[in-house]
Amino acid sequence: MARSRLTPERESELYEAVLDLLREVGYDALTMDAVAARTHSSKATLYRQWGSKPQLVARALRHNKPVSLGEIDTGTLRGDFHAMLERTDDCQMEKDSALMRGLAHAVHDNPDLHRALRELLIEPEMTGLDEVLRRAVDRGEVSADNLALKLVPHMLIGAFVARPLIEDQPVDHAFLSAYVDAVVLPSLGVSPGG
């Protein structure tokens, strides 16, 4: 029997339902039964299409990030970073932060989830970020031997994790813009004004 493909619209609905459930109950309590019930699908269909809960969750998160960072090219590193920030509004950023906080704990206990997230979400984002940074080096904006180049992902993830912990505030555009200009760009030797 041929495996039926879901329409892109149906796939989007399923992914949105998975993300809603993740926000509501967290990764550990999310079950394929709950996804099937929420989306009026069969559990067999979910397993046939995605194979496992970690794969389904990772693909739903990846689907939520339609633009690759590598596609952003404004001609300056500062412009590229700020274009990245413009891809999402404050409401979506808060929802994404809540998802990431919920998944951070689950990753420690679920090696399959960690692997799926690395393959489907983290590595493509890192590749895109590497492209943005490589172009900045090629343009002469950043020195190729700048030690901070390898630490940019750590700085950005740190901003998302630290603000709620330290200030009990959500991460938003204003905070991230200021953070990029005050921390990330200067560490790369780029003037935040240009």
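It should be noted that the structure appears before, not after, this text.
Here is a short report on the structure shown in this document.

Thresholds, definitions, all that
- Residues numbered from 1 in each chain as written.
- Predicted model: local features only at pLDDT ≥ 70, side-chain atom pairs only at ≥ 80, totals over all residues.
- Heavy atoms only, no water.
- Buried < 20%, exposed > 50% of the residue type's maximum accessible area, 1.4 Å probe, protein only.
- Helix = DSSP H or I, 4+ residues; strand = E, 2+ residues; numbered from the N terminus.
- Contact = heavy atoms within 4.5 Å.
- Polar contact = N/O pair within 3.5 Å; in protein donor to acceptor, adjacent residues only side chain to side chain.
- Axes fitted to C-alpha atoms, helices over the stretch in contact; angles between N-to-C directions.
- Parallel < 35°, antiparallel > 145°, perpendicular 65-115°, else oblique.
- Nonpolar A, V, L, I, M, F, W, Y, C, P; charged D, E, K, R; others polar.
- Core = buried A, V, L, I, M, F, W, Y, C linked by side-chain atoms within 4.5 Å.

### Some details on helix α4 (residues 53-63)
Here α4 has its buried residues at Lys53, Pro54, Leu56, Val57, Ala58, Ala60 and Leu61. Turning to α4, the residues buried within the fold contact α1 (8-25), α2 (32-39), α3 (43-50), α6 (90-109) and α7 (111-138). Its side-chain oxygen 3.3 Å from the backbone nitrogen of Gln55, Ser52 forms the N-cap of α4.

### Digging into the packing of α1 against α4
Following both chains from N to C, one finds α1 and α4 inclined at 105°, their axes separated by 9 Å at the closest point. Classified by the angle their axes make, α1 and α4 are roughly perpendicular. Side by side, α1 and α4 meet where Ser12, Tyr15, Val18, Leu19 and Leu22 of the first sit next to Leu56, Val57, Arg59, Ala60, Leu61 and His63 of the second. Within the contact of α1 with α4, the residues separate by chemical class into eight nonpolar, two polar and one charged.

### Some thoughts on the nonpolar core
With 28 residues, the main nonpolar core has Leu22, Val35, Val57, Leu61 and Leu113 as its most contacted residues. Of all the secondary-structure elements, those providing two or more residues to this core are α1, α2, α3, α4, α6 and α7. Take this core: its biggest share by element is six residues, from α1. If sequence neighbours within four positions are ignored, Leu61 has contacts with Leu19, Leu99, Met100, Leu103, Leu117 and Leu121. In terms of nonpolar packing, the next biggest core, distinct from the first, is built from 27 residues, Ala148, Leu185, Leu188 and Val190 among them.

### Description of unusual backbone geometry
Positive phi is not limited to glycine here, since His40 has a value of about 55°. Judged by relative accessible area, which is 73%, His40 ranks as exposed. At Asp168, a residue that is not glycine, the phi angle is positive and equals roughly 55°. When you line up the elements, Asp168 lands in the loop between α8 (152-167) and α9 (173-187). We classify Asp168 as exposed; its relative accessible area is 67%.

### Some points on the side chain of Thr39
The topology assignment puts Thr39 in helix α2. Assessed through its relative accessible area of 5%, Thr39 is described here as buried. Of the polar contacts made by the side chain of Thr39, one reaches the backbone oxygen of Val35; its length is 2.7 Å. Residue contacts for Thr39: discarding those within four places in its chain leaves Arg10, Leu14 and Ala17.

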